Every structure is written in C-alpha cells, then in structure tokens.
4 protein chains.
Amino acid sequence: MCGVFGIFNHPEAANLSYLGLHALQHRGQESAGVVSCDKDTLHAVRKMGLVSDIFTERRLARLPGKLAIGHVRYTTSGGSLPKNIQPLTAEYREGAVAIAHNGNLVNAEQLRVELEADGAIFASNSDTEVIIQLLARRNDPDIVTRLRSALSRVRGAYSLVMIADGKLIAVRDPHGFRPLVLGRMKGQPDTYVVASETCAFDLIAAERIRDIEPGEILVIGGDEIRSVMVPRVARRACIFEHVYFARPDSSLDDVSVYNARIKMGRQLALESPVDADVVIPVPDSGVVAAMGYAHQSGLPFEMGLIRNHYVGRTFIEPKDSIRHFGVKLKLNPVPGLLTGKRVVVVDDSIVRGTTSNKIVKMLRDAGAAEIHVRVSSPPINGPCFYGIDTPNRDELVASRKSPDEVAKAIGADSVAHLSAEGLLASVGAGGDETYCTACFTGEYPLRITRQPPRRQLRLVEV
Amino acid sequence: MCGVFGIFNHPEAANLSYLGLHALQHRGQESAGVVSCDKDTLHAVRKMGLVSDIFTERRLARLPGKLAIGHVRYTTSGGSLPKNIQPLTAEYREGAVAIAHNGNLVNAEQLRVELEADGAIFASNSDTEVIIQLLARRNDPDIVTRLRSALSRVRGAYSLVMIADGKLIAVRDPHGFRPLVLGRMKGQPDTYVVASETCAFDLIAAERIRDIEPGEILVIGGDEIRSVMVPRVARRACIFEHVYFARPDSSLDDVSVYNARIKMGRQLALESPVDADVVIPVPDSGVVAAMGYAHQSGLPFEMGLIRNHYVGRTFIEPKDSIRHFGVKLKLNPVPGLLTGKRVVVVDDSIVRGTTSNKIVKMLRDAGAAEIHVRVSSPPINGPCFYGIDTPNRDELVASRKSPDEVAKAIGADSVAHLSAEGLLASVGAGGDETYCTACFTGEYPLRITRQPPRRQLRLVEV
Amino acid sequence: MCGVFGIFNHPEAANLSYLGLHALQHRGQESAGVVSCDKDTLHAVRKMGLVSDIFTERRLARLPGKLAIGHVRYTTSGGSLPKNIQPLTAEYREGAVAIAHNGNLVNAEQLRVELEADGAIFASNSDTEVIIQLLARRNDPDIVTRLRSALSRVRGAYSLVMIADGKLIAVRDPHGFRPLVLGRMKGQPDTYVVASETCAFDLIAAERIRDIEPGEILVIGGDEIRSVMVPRVARRACIFEHVYFARPDSSLDDVSVYNARIKMGRQLALESPVDADVVIPVPDSGVVAAMGYAHQSGLPFEMGLIRNHYVGRTFIEPKDSIRHFGVKLKLNPVPGLLTGKRVVVVDDSIVRGTTSNKIVKMLRDAGAAEIHVRVSSPPINGPCFYGIDTPNRDELVASRKSPDEVAKAIGADSVAHLSAEGLLASVGAGGDETYCTACFTGEYPLRITRQPPRRQLRLVEV
Amino acid sequence: MCGVFGIFNHPEAANLSYLGLHALQHRGQESAGVVSCDKDTLHAVRKMGLVSDIFTERRLARLPGKLAIGHVRYTTSGGSLPKNIQPLTAEYREGAVAIAHNGNLVNAEQLRVELEADGAIFASNSDTEVIIQLLARRNDPDIVTRLRSALSRVRGAYSLVMIADGKLIAVRDPHGFRPLVLGRMKGQPDTYVVASETCAFDLIAAERIRDIEPGEILVIGGDEIRSVMVPRVARRACIFEHVYFARPDSSLDDVSVYNARIKMGRQLALESPVDADVVIPVPDSGVVAAMGYAHQSGLPFEMGLIRNHYVGRTFIEPKDSIRHFGVKLKLNPVPGLLTGKRVVVVDDSIVRGTTSNKIVKMLRDAGAAEIHVRVSSPPINGPCFYGIDTPNRDELVASRKSPDEVAKAIGADSVAHLSAEGLLASVGAGGDETYCTACFTGEYPLRITRQPPRRQLRLVEV
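Residues numbered from 1 in each chain as written. Chains lettered and ligands numbered in written order. Predicted model: local features only at pLDDT ≥ 70, side-chain atom pairs only at ≥ 80, totals over all residues.

### Quick notes on the interface of chain A and chain D
For interface size, the figure often reported is the accessible area lost on association. Taken residue by residue, the interface counts 37 residues in chain A and 36 residues in chain D. Of all elements in the fold, only strand 3 (41-48), strand 5 (88-92), strand 6 (95-102), helix 4 (108-117), helix 5 (128-136) and strand 24 (458-461) of chain A reach the threshold of two or more residues within the side of chain A that touches chain D. Broken down by element, the side of chain A that touches chain D gets its largest block of residues, 5 residues, from strand 3 of chain A. For the side of chain A that touches chain D, the residue count by class is 19 nonpolar, 7 polar and 11 charged. (Contact = placed C-beta atoms within 7 Å. Helix = DSSP H or I, 4+ residues; strand = E, 2+ residues; numbered from the N terminus. Nonpolar A, V, L, I, M, F, W, Y, C, P; charged D, E, K, R; others polar.)

### Brief notes about the relation of the copies chain A and chain D
Rotating chain A by 179 degrees and moving it 0.0 Å along the rotation axis overlays it on chain D with an RMSD of 0.1 Å. This pairing of chains is accounted for by a two-fold axis. Looking at chain A, 97% of its interface residues are interface residues in chain D too, so the copies touch through the same face. (Least-squares fit on C-alpha atoms with pLDDT ≥ 70 in both.)

### Some points on the interface of chain C and chain D
At the interface, 52 residues of chain C touch 53 residues of chain D. Those elements that provide at least two residues to the side of chain C that touches chain D are helix 1 (13-23), helix 2 (51-54), helix 3 (57-61), helix 7 (199-203), helix 10 (287-297) and strand 19 (331-333) of chain C. The dominant element in the side of chain C that touches chain D, judged by the number of residues it contributes, is helix 1 of chain C, at 6 residues. Taken together, the residues of the side of chain C that touches chain D break down into 29 nonpolar, 13 polar and 10 charged.

### Side note on the sheet that holds strand 12 (residues 216-221) of chain B
All names here are of chain B. Spatially, 6 strands are ordered 5-6-7-8-12-13 in an open sheet, and the strand pairing comes out antiparallel. Of all strands in the sheet, those bounded by a partner on one side alone are strand 5 (88-92) and strand 13 (224-229). Taken over all neighbouring pairs, the strand axes of this sheet differ in orientation by 20 degrees on average, direction set aside. Strand direction decides the pairing type here: strand 12 and strand 13, joined by 6 bridges, are antiparallel. The partner of Ile220 across the bridge, within strand 13, is Ile225. (Pairing = 2+ DSSP bridges. Axes fitted to C-alpha atoms, helices over the stretch in contact; angles between N-to-C directions.)

### Structural notes on the environment of Ser36 of chain D
All names here are of chain D. Inspection of the secondary structure assignment puts Ser36 in strand 2 (residues 31-38). Each C-alpha atom of the pair Ser36 and Leu81 lies 22 Å from the other, and the pair is 45 residues apart in sequence. Residues contacting Ser36, with those up to four places away along its chain left out, are Ala13, Ala14, His43, Leu63, Pro64, Gly65, Leu67 and Ala68.

### A closer look at the relation of the copies chain C and chain D
Overlaying chain C with chain D gives an RMSD of 0.1 Å, the required rotation being 180 degrees about an axis along which the chain moves by 0.0 Å. The fraction of interface residues of chain C whose copies in chain D are also interface residues reaches 100%, indicating that both copies meet through the same surface.

### Topic: the environment of Asn102 of chain D
Residue and element names in this part refer to chain D. For Asn102, the position within the fold is in strand 6 (residues 95-102). Separated by 58 residues in the primary sequence, Asn102 and Leu160 have C-alpha atoms spaced 6.5 Å apart. Ignoring any residue separated from it by four or fewer positions in sequence, one finds Asn102 in contact with Cys2, Gly3, Val4, Ser159, Arg178, Ser196 and Gly387.

### Thoughts on helix 6 (residues 143-152) of chain D
Since the α-helix packs 3.6 residues into each turn, any two residues three or four apart lie on the same face. Residues and elements named next belong to chain D. Listed as buried for helix 6 are Ile143, Arg146, Leu147 and Leu151. Looking down the long axis of helix 6, one finds its buried residues gathered within 120 degrees of arc, a one-sided arrangement. Here the buried face of helix 6 lies against helix 5 (128-136), strand 7 (159-164), strand 8 (167-172) and strand 12 (216-221). (Buried ≥ 20, exposed ≤ 12 C-beta atoms within 10 Å, placed from the backbone. Arc of directions from axis to C-beta.)

### Regarding unusual backbone geometry
Glycine aside, residues mostly have negative phi, and peptide bonds are mostly found in the trans state. For the bond from Pro283 of chain C to Asp284 of chain C, the omega torsion is -5 degrees, close enough to zero to count as cis. Considering the arrangement of structural elements, one finds Asp284 of chain C in the loop between strand 17 (278-281) and helix 10. In this model, Ala205 of chain A sits at a positive phi of 60 degrees, which is unusual for a non-glycine residue. Following the sequence through the fold, Ala205 of chain A ends up in the loop between helix 7 (199-203) and strand 11 (206-211). The backbone of Asp254 of chain D sits at a positive phi, close to 70 degrees, despite the residue not being glycine. One can find Asp254 of chain D in the loop between strand 15 (251-252) and strand 16 (255-256). The class for Asp254 of chain D is exposed, based on 12 C-beta atoms found within 10 Å.

### Considerations on the sheet that holds strand 22 (residues 414-417) of chain D
One key point about sheets: their strands pair by backbone hydrogen bonds, in either a parallel or an antiparallel sense. Residue and element names in this part refer to chain D. Sheet architecture is open: 4 strands sit in the order 17-20-21-22, paired in parallel fashion. In the strand order of this sheet, the two ends are held by strand 17 (278-281) and strand 22, each with one partner. Neighbour to neighbour, the strand axes of the sheet diverge by 20 degrees on average, direction disregarded. Of the strand pairs in this sheet, strand 17 and strand 20 (residues 342-347) are connected by 4 bridges, and their pairing is parallel.

### Quick notes on the nonpolar core
Core analysis: the largest hydrophobic core is formed by 657 residues, its most contacted members being Ile163 of chain A, Ile163 and Ala170 of chain B, Ile163 of chain C together with Ile163 of chain D. Ignoring sequence-local partners within four residues, the contact set of Ile163 of chain B consists of Val35, Cys37, Leu42, Leu67, Ile69, Val97, Ala98 and Leu168 of chain B. (Core = buried A, V, L, I, M, F, W, Y, C linked by C-beta atoms within 7 Å.)

Structure follows, in structure tokens:
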C-alpha cells in the first residue's frame, strides 16, 4: 500500500503536495517524499517517518516550482531502506526523472535480471527502478512513446505519478488495480491534481474531474493535456480498497466508500444474522460496516472498543505476560458496557486470526456472554501480488479452516463472512465494473514471475 | 491538562510507566517524562514529544529500579520549555525528590514571591516547583508531616504522584478537582499503581482498588501503606473530565465516562429535540454523546465527519485562502451523505466558536439543508483556574452571546446546550458527589491570587 | 578548566560571545553556552559539544540584545550533565540571573549542606549554584552589596562573568587563581568585554585594558562602571596557565605566555642539559618550550611527532592489542627522522606517566637511540582544588617516585623537570606577583572542606 | 582530494577502516563512509561529517565481516550531496559492488553522455559511477578482465579501492597521479591493507610493503594475490602531495614528506634569501618548510602565528567590519613577538592571494617592520584536472601577476617562490621519478574533455 499525489501549475505546488500526502497518510506511514520541479531542476525531500514530522517549513521552502509529486510508503517491495523512499529519481539521457508508484510489478525480478545482463546497474531494490531503466533504454523523441514502449514490458499493478520533461504524467495499469483520480483546483481551471483518493482533493479545495482510466497515460504540460490509452484489458480494481484501505470519505471510481461499507454491513446482517444484544465495531475500519449491520438488524450500536490513536513507532513489551498485549495498545473495551451481553463484533477482515483471537479474549474478559464475529469481506485464501502486504497462504487462517473451525480457533461463538456476491453487490459492481477478487477467489489476473535466487552480494545501508 | 502515573514494587517499573503514559497520552501531547528510583539514585528521561517517540528501548533500559513515576504534559502553567517538563526533580535536605503534578495552584504566584523574598531561587517557572520549595523548608523528620505542612500553604488543584525517601506518594487536593485512582497489578497484591484514569490500568493488566480521596496523602513504601487525610472540604471534581477530557473507557470516581456521555446525549435530546433527518458527531469526543442523542431521538446516526488522526506537530498552511483550513486537517465530511439532509451535529463544547463556525460551513458546503448544533455541556462563561487551558472570558463566545446569537455567529440554524442540571444528572451527581461547575456557573470554589506584574528579567531557553 | 566571556553594549553581543568562546575553546570542549539579555528577558542556548557545532546561525538569531555572556566547559565539579551546562541561570527575588564560572569552590559542599538545612532546593550539582543561592538570600537593595555579602561566605577559585539587573558583572576571587581580563572594542569606547584570555579579544578586534584584579567586583551598566575591591589577600594566580592551559598568543596578568614558555625551555636547558642530537616537542603544548630548549642548547629542533587534530568524541579501540593506542590517535613519529638519534623530547608536564610511557615507546619504535624527557614544570605531587582536573595523589607518578625512578618507569634514558625557581623566574614572578604552586609545593592557599557522604537520593538525567 | 582505505582478512575490518580513515581525515572532512563485506552482504555507513562523529560504536557494530573499505571526501567532482558520499555502491549482474575513489576522471562527462545514450540511468553525479557503469557493461567472467576493459575507456586520475566478488581490489591509474600504498598488519602476514598514505598504517600497527604501481590492478582474495599491469605510460605523481596535501609523517612512493619539506625550505632559503630577523611559518602546512628555511638561513625560527584547530562547520561573521576576519578564526599572531622585526613568513602556496593578503596585514598590525613572503612551491598558473579543487585560471593571482606585483597586491615587502627545479630536486625526482607539475608548468599529461552543457532536469536532494 502506498499513496501518490501530483500537482501541475500551482505556485505552492510543494505545500499542496504535502497536504495531499497528509490526507493520504493512512495509505503508508513508513516514509514520505515530495519532489518539485522548478525550471530545469528537481528538488527532493525524502525521509523515514510521518508526513507532518518530515515536512517542516524549512524543508518545504526548499521545494520551489509549480509542479510537484509526492508519495507515502508502506513497504511492499524492496526493503525498508532510505534508498527506496519514493518518489524515486534518476538521471538518464533526457535529464532527471521522478516517479511515485502505488502497486507491485509481477515481472520485476525477471526484468531486473534481463536489464542487468544488458549492463544496467541498480541503485535501489525497488521494482519502480525497473520502470526507469526501461524508460532510459528507449530513444524515441517523445515521452509518451517512450513510456508506452517501456510499460509494454511491464506487468502488474501500477498507478504512477511522474515528473519528466517538465511535465506531470499520470499512468494507471491496464487492469486498474490501484486507484488514481484526476482533479482540478476549484476556481483555477488550469491547475490539475492527481491523487490515489479523492480525500486528498477535499483538503486542498480541489474537485474531482474523473478517474484516470485503466491503461491510460495522461501527460499534463506544455500547453496541452494529452491522454493516450493502451489496449484495454479486463478492469480489475482492488475490492479491498473499499473494504478497508481507502478512507470512508473518499470515492473510488465514483463509488462512495462510506456507502459501500454501510451496504456491506447491511448485507452481512441479511446473510448472517445473530440473535444478540448489541453490535460493536473493531475501530476504526470496522465502524461504518458495523453501523450498517446495526441498522439492518435493528440491534443497538455501541462503541464497545475504544481505540488509542497515539500508537507510535517504538514499543517495548513488558516481559512478564500481559494477555493479548499487542492489541491492548490500540484497543480497550469500555468496562461494564458489555457485561452479560450477546455481542456482534464487526471487523473488516480476518488475516492470520491472531488479532481476532486477542479481541475475542478481551471482550470475554470484559464480560460478554456471547461473541459473534461478523466480517465484512469473504475469507482471504491467497496472497496479493499487486501491492498489498498479505502473508503467505499458510499463515492465512481461512485458507486452512472453515468458519466454524476459525470460530473455535479464535474463541468466538460464531464467525461469518460476507459472501463474494454480497461484497460485489455492495460496491455496485456490474457490467464493466469488475473487481480483482483474487485473494479470496484465487482467480489471479496476473501471476508473479519469480526468479531462482542468485548467490550474490547484497547491500544494506545502516 | 496533564496525566500522571506511578508504580511501586515492580521489576519493570519504567516499562509499565511508559505504557501507563501511553494510555494517558490523550491528556497531554507536548512532553513526557519518567523518573525511576533504584537504590539511592533517581534516573530521569524527560523530553518534548509523544510517549512512543521519546521512550526508545535504549532510554527505558537506563531507567532501572522497581519504583517509577511518569507524566504527560499539555502546557497549562509555566511555558512550553524543556525545564518545565515533568516529573520535576530537585535535590534538598533529604536528597532528590521527583514530582508529577496534574492541576494548577491558584496561589502559586503569591507563594513564589514569598519564597523568593525568603531567599529561594527557582529553576523552572512551573507552579509545581513551589510545592518542592515548601517541602524543602520543613524540617520535620517524617515525610508525611513535611508534606502536610507544605500543602497546608497551597491552594488549588493538585493530583500529585511523587518519589521521596524511596517511597511512592500520591496526593489529591481537598476539593479533588483532578482525578487520581489507586490500583494493583493483577495477581501481584504488593505491586501498587496510581494513575489519572483507569484506562492506564487496563493496558498493564492492573485492577482498580479505589480513588485516592480528596484531601488524601497516601504513602506506599517500607513495609506499609499509610493514608493520611487533611480536613475535608466540599468535593469539587471537574465535570469536564466526563464531558471530554477523559477517555470513554475510563471510570472516574466510579462513574463510567461512556455511560455518562450516553446519558448526556439522551438528556440533550430530551431537552433540545430537533425535527431532523440524521445525527452526526464531531469526532472523536462527540461520538458517544451523539449516539445517545440518536438513541433517544430515534434519528439515524451517521459518521458524517471523518477524522484524520495523523495530525502532527508542524503544519504549514497554504497561502491562498482555502476555506476553514485548520479544521479540514482533522475533519472531512463524507461526500453525498448529508446532501439535502437536516443534520443534528453533536459536539462536546463550544469555546471560541471559531471551530464550530468552520464545521458548520464545511457541512453546509457538503449539502446539508439544515444544521442544528447540539452541545453536551452548558455554555462556558468563564475561565478555569484549576488546570484547563481555557481562553479569557472575552474570547468565550457564550459569555457574550445568547444561543440564538451564537447560532447566527457560527452560521447554524440552531444551537442548544445541555442544561447544568441535565449534565449533573448524567454523571449521577447527588449527595456528596458534587462537581466543580465554575466555568459555566461562575461559582469558583477557589479564586486565583494574582500578583501585580514585576519588572524583572525573565529567562527563555532556545 | 573552563573559559568565560562577556560583552556589554554591542548590537551583536551574542555573535561576538560565540566568537570569543571559539577563541577560548581550548579551555573546555565538553559543552558551551551563551546567555543574552534583551530588555527584560534573558535568552539562553546551552548544549553539549563544540562551540562551532552548537551555535548555528538559527540559534544565534534567537539570542537578541546588546549584553551577553558565554562559557565553555571542561567538567571539573558536578558531573557531565545537561543541567550543569553554563552559564547557569535561575530566577530569584530580583528576576533572572545568569552566571559563568571558571574555577572551583573549596567549601561548596559545606555551604550546600547549610543551605539545604535552611530550606534551599538545588537544580544542578554545580558549585556555581551555591553562589546564586547565597546571592538570593541577601536582601540588600544593591547588587554590589548583595554580591559582596554572598561572596564573603565563599572560598576557592572563581572568575565569574554574570548578568544581573541588566548589568554585566565580572568578579575575580581574592587570590586571583584563574585569569580574567577586561577589554574594549577598538573604536567603540563604551563597548566592554571580559574574557579568560586575551586571545578572545584578538579575534573580535577588541583591545586589552587591564586584568580584573584579584578581589575585584566590576559592574558595567547603567551609565557607569563601578569597581569594588574586597580586602586583598596574597595573590595566587595559577602558574599552570602559563605552562599549558593558556594559548601561547595570550598574555596573562600582562605576561606573554609565549615568552614565558620560551624562557621555561631555555631555563630547562640550563638546568638539565643533555648531550643529544635533536630536540623535539610533544605537540602542541610542548612546542614553544622545546624551541626555547633548542635555542639555549644549540641543538637542532625538529617536529618529530606529528599531531592529528581531528580527534573527536567517540573512539572505538581495536580489541587486539595495538601498542600505546590512545596516544597514537593523536601523535605519530615522522618515520626515519629519529633513527639512531639521541633525542630530547620536551613536554609540559607528567601526570600519571602513562602518556609519557607511550610516547617513549613510540619514539623507541621509531629508532631513537636515546630518549631524554625534559619537562617544563616541576613534578606534580598533589591535586589541584581550584579548577583543574588532576587525579588523586596516588596516581601522580611524581608523588611516589624520583626522576630516575620515573625515567625507569616510562622507559626513558633520563627525566628532568624544570625547578620551581626556574619556573617562577620564567614567568617573571617577583614582589607582589606570586603564583599558586600548590600542586608541586604542597603549599595550598586554601584547603578543601569535604563533607561526609550523605546517604541520599541522587539524580541522573538520561 | 580524498582519502581511501581497504583491509582484507581481519575480524575487526570495519573498526580498522575507521581508524585508517581517522588518520586520513586531513584528506577530506566533508563526508566519510565505510562498506564492509560479510558473506554475501555488503553493509554501508555513509554520512556527512567527521570520521569520529560518524562512526559511533553502534554504527560500527553494524559493519560485520573481515573485508572493508573506506573513504573520506573533500568535494571535487559531483556536488556536496548525500548521494555522492563514497564508497559508492550499486548492484549489477554480479551482485553488489563498492568503490572508493581518489582522483578525477577527465573524460567522465563524455562517457556519461555515451552511457546515457546507451540507456544507462545514473543515481549520483559522481564520476565514480561512470566506472561502475562501464564495469556492469562487460560480461567477461573474470573481475580482472572486466576491470581492465572498463578502465581502458577511462582517462584521468584514479586511485581506487573496491569490494567486488568478495575480494579487495586496489587500482592506480597508469600515470599514478594519486598515491596508493600496500601494507600488511604486523604479525599477521595474510592481512592486507591499502591506503592513500602510510600514516594510516602507523595508527593500526601495519607496515608498508610497497606502493601500488601506476597502472596496477591488484586483487586480494580467494587464496591468492593477483597483480595485473596495464601498459605503462609516463609516471606523473602529483607533486603537491609533498608540498601540502600529505601528512608530514607519511612517505609517498618511498619519499619522506617531512624530509622533502625540509629540503624545500632549505632550497628556498638558498634561492631567495632575505636579510631578516626571524622566520615564521603559516601553520600547520608551512611549519616544516619554515624550519628548513630557518636552518639554512641561520635565522631564528619562531611560531609567530598560533593556529586554532577548533574551526568547525558553521561560522557566522560579525556584520560590522572586523579586519581579515576569516583568517583570524584560524590564525592569531603572538603579541609583541614580531614588533619591529623583519619577518620571513613561509607558506606552502599562494592561490588567490586573499589569504596571504590577510596574513600580511595581520603581521603588519602585530608590528612587523618588514614582511617577506617565501613560498615552498612555484607559482600556480593553471587549474588541476586530477582531483584538486583549484579555482579558474583567472582567479589564480600568479597567472596574472609577477612576484613583485603579487607582493604589492598582498602588501608584502617581497614575495618569492621555490623554483620548479628546486621543488623537483627536493622530492628527489630524477630518472623514472617524474611528477605532474601541470598546475605550474601548464604541461598537462591529460586534457579534460568537456561536453557542451545540456539543458536538462537536474536533481537536488534537500
């Protein structure tokens, strides 16, 4: 998971990029960067940490120019290294280029071996550098032609925002795995913005124009906006953006995330009702679906678990056993509220089951008489190759167990998931609007190409 | 507002203090500190910033001993200076002493002048240092006698946690303005903890024993626990702890904050009903009361405003006018959700009115047809002298305007507040359980003693 | 050892203090601080580290005002703690006061016990705080009277530069142990400066007026300069300032350090001649005396040991034995230069003998045929109580051994010291100009008053 | 100017690299780095700052392995950017490679254009990356063959220390512009070291074996040491290493720098005698030559200028004019020493003349009656293309003026330079031992190939 942002033709391009990244901070908290373009120079600030800590007034003042792009990162490919912080930059035949990438390539390893065999040297271990290497090896005079040629070699998920040739470029892969939306500053018709989610527009008073289309290369610069489409393939937007990645105040491909989650909760109540006393969410991502469940079921809704939002980078666990400690740092039940109650607890997903297990125990300790876990997405059976950090199949509890077995494993009285059909209906899927559901259906649009491991020197920066 | 914590007789005293402070982080985000006591040495870590950033594994490892106290600070008295970070320490006749203080003294200035006239020098400008100075001037052999004598000079709000003579000491002022609660580690009957709120106990698997009583000096150490009471005066716990300071999963003086807020919302719906379509909270502090309002009124509850929890230290505003920018960093309406709706928005208080004004405009922009602001506390007419950072009377919008005038000023269709009686009923006040309501009734239990300003050199650390 | 600086009536007071401290950096590299006074506010920057690292342009810009004092510190009393970094500040009856102190008090412990018995609390463990406490306990209206009263209680070495009542105050103890000199900016007759050494004046284009007299309290401020003398006692300036503390381009009490060292070397050659081939110094402090020795003896002078000036804070020794490693970081013999030569190596002093031992071995490894150590000061037999960090008597090699035994211990062919008479003659001592020679004569002008250790809580800041 | 270091087969490889860099710190103070090799992983620490500040115990502990290289940098090519800190690393077909480079390539720009035209992307703007790119484009199985092929394209000055294929590689360009010497740990015959200067060996108790030959590629690893020579061209070692870059305790190509400087001073006294009273050096680099001048002339030698070694990174000049301020931070005359004297001041070179001008004024202010500047190298007429940061020809005072005109310009009574023949004789040049004297003779062994500037995006990291 990552978030990207870009802005063209605004005197405060870096400041607005910083604000845009702030709104996208939920998409990645490990590192952030902004690259601005002023005349013939790119200026970059890239650091580990949160957006609001990195971008001091002094640093922002060193990012001049009316064109800028930004990136927030939650490590997926490459490691957690300074050299991998995006936007990635390099210098090639046409000068410096900067690129911010959300998504994962499935053939990056293979392309890297081919490129190295052809004499390429790599400065990072991010798959994004492969895109720059491919771009550098094209000598077409036009950036669009070069990009098309380079991207024709690449397979996988990529929503890109780039600075090249003094232009802002936005690209979305042919399947449209990751979101990318185009907007414009209100009252400034020539000032364009692109972002992973519309919530970034709200903060800076921009308005949504439309989504970048799957397979679209959009170049904003000079005196024109130029859109080029690569041959279309089946649309496969990630449905988990709606389930829990995106902010509920965003809309993705013109679907309101909030509404989608309300519908997931309502549908879940229809599919898996419970004779219970109260509905509570696992905050924050489960709140809206839990409200939908409560609406539909007629059960009262309570904030039975309180979330501490101050969880930071470093945490030292006490050595002697405090039960379900990791979850306690974030969540605490309201004492007395659930005593003797039959509780429906709504979560967005179950991955390994360890967190659910701790929550169930926590609720049991808080006096709940029955605990029924309701999940607003189908069981996850397989990994994601397109940009989400899921564990191996073996660690996915739903790949090995039935819902009843999971209930037993996590100590709940029952567990039920929203059906795939119910989920698709909740996001209004239909006709052209098909989603990637690979992680629960196993139908992968693109398979990953792994290379046999090479015995070679690796590099670690301290 | 500040939070305090203390623990006696645990091999991981500093680690548990750090966790306790983490649970109390909402009470102060400016700075934090832990002082541990190992044999004849106090060890201190005190820094600006958040608990989870300050207490790295390396720093915690330098805090040995089985006795520790901690403090999180939101500046009230003194300035935002390193030298004022608590726990405050000093060396006096009996060796080093450490003290963590929640609350404000009303006669600190006067005492400081007297102490200086008697030859005292001050290292901080915190009112807490006055307490240490008074303590140092007593030569009674016993710490309890010394403390009683020293505190007999002091008036105001003070919930104190101290290390002196190798003992853990907890003190609450005779009015009991600020909360302070005593607990014990589960399964470890000789390991005591004290904290501002019970939520700190939940995280470390401690259980509440009882509140420290107003006027109580509790000394834990040696082989005994010793409790001494100063002559009792009328109890005056701050009712705003229930309204918005405390976490909803805490209980204060044995009253559940969550329940109290639900009742406030219900009572508010009874007192000030609206013919509306939807109830939304101003998150996070307004959520529970809004749920109570929705329950009572039968109106649907929606999370119409989404809160971004990543707001950090440094924020650069864009220069060209983005409307109601400050609030936008934290809150964003869900697009489409409120269009054409008559909206009840529940907030916990209105102080200056500027934030309410921005929220109303934000909701209006989001398409709300009517906006009715309902506030789960009475209008604030005066400042707090006991530890809460309220502005001058002139800046308090309710001290100058009627609710209708406030509604007009902030652009709402109506504004209504919970009555003082309704609020007191919601927290179950009655008999002995009287609260401080000075900021809305003007009945101050203790008046502040101000000194005429002295023309003297002040000190600023860069 | 420490260095102090002060300036009155200059628009760039903090900048010039910073430059003055830069010139005095050799007197202390552990920490540095500047306090400026602007109208009714003192502004302080105090940090661990070197002057040029601490005082960034940004920090200096936060030190407004035309009056400033500064301090560089090499730990002597108190520990290496942030709270002990000078100038020390405190607030007392008359407002904030700042004080920079070079020297050690001999009755600080006793005074501290008395003050604590009288109710004083201490924020540091520096003996300088005792002076502020005493000052605060006087209620005379006039700063000079207060200072005289306070200082009448204090015994020991103190060259002080203070800001109090908006004035610059310079004080030197009655014995004049540590240097302190008064100057004036060239062409700006109303702009006064004080510093530990005249080299600080050279850098900022100030000119020396005269030394602050032993026992003098000089107050510069308002419209006047006021000098008050306490009853005079025997002058006892530290002779080791001439031997190695002071920079050779300084003059102390109107004696040129460079000339004094040349004379020491010449006298040493007269007293302890050697039949040798070459004279080399232990750089940097031995260079000038070695030149004097070479001049007088007619032997050639060579820079046989090269010094690396980049020695920083952190040094990791290799685990396997590298001979005389510590000294090697600083000194390396010129290969070939000394092969087969009879070498006179001139050093300023021998303390424990360990460094001399390593140097002798290093020279032996470099091929020297004979090594004759000549020391430009008498053998050190006892500790210094007045501000110099000498080890206990037991560790002083000269207190236990004769020169011949020392020669044997350090592996030299011979060792000889300059006589006390020779040293006194070299600095032109005579008549009133008597020096403190306690560390080699054992005649201590003031004995230290130690308190029995108290079993009490101490404080350590991490 | 830079310094390089490498060590093979030592359990404390990183620690010894750090010590080696400490001894080479005079060759570059801007940044430093160490890369160690442990099994199949390179570990890197690279930072701006001084060696002793960068390499904390914690960082060194993260550099495991028995093979390591290091670099200290004084910016010459590329800019002062984090991405240019060496050792440079990249990953290519054969895995990670690390390279530390002293010297400048003269055809780097041209090669970069060619490489970019062929699809290369650049992560730094250091000319060293060109070498890695060339290496990556060779697919010979053997590292030596690859290196020979790659280096055959490169022209200029390069003393390289590399890690590739788990081996330590040392390379010196065919002219041998920059020094590079091979050694071995004493008593550990299989533990090899390479360094820019022998002083690095002294610190770690290594002994010099021989210089790396111009045109030699030496590979240490596996079970063998393999040396390959490229066709030899005329040897052109930089003579300024002897004049002022190298430490006087180093020997270069088996010539003692100390002896060379003594001879330069003696020869200078023979060529340009003066009827004067005293000889003083400009410390530190002029000290040894000044001693030679004094020996030869019979004039007394004095340390008339005292150097402050604490000059750090940040310096704020006072706004009102203090004469010759920049030089004053470093140098101060000993008051009184030169009054009325005819002074010979010996410096190693005159570049722009501005520093000399300030020194002459400073000596004049100190009372010197006559000032005769004697320079231990010929007038510099042209820039260096091989790794030394000299200004443009226009700024070189000697390229525009005769010695008499220079004397007038800088305010001296006379100026004289050592002759080229005298300099060459001083370093024992003769036969094969020819030196590069391009900067004063204009006879450049290799001309720089500049590319016309390209209008392209550049990158700046903040």
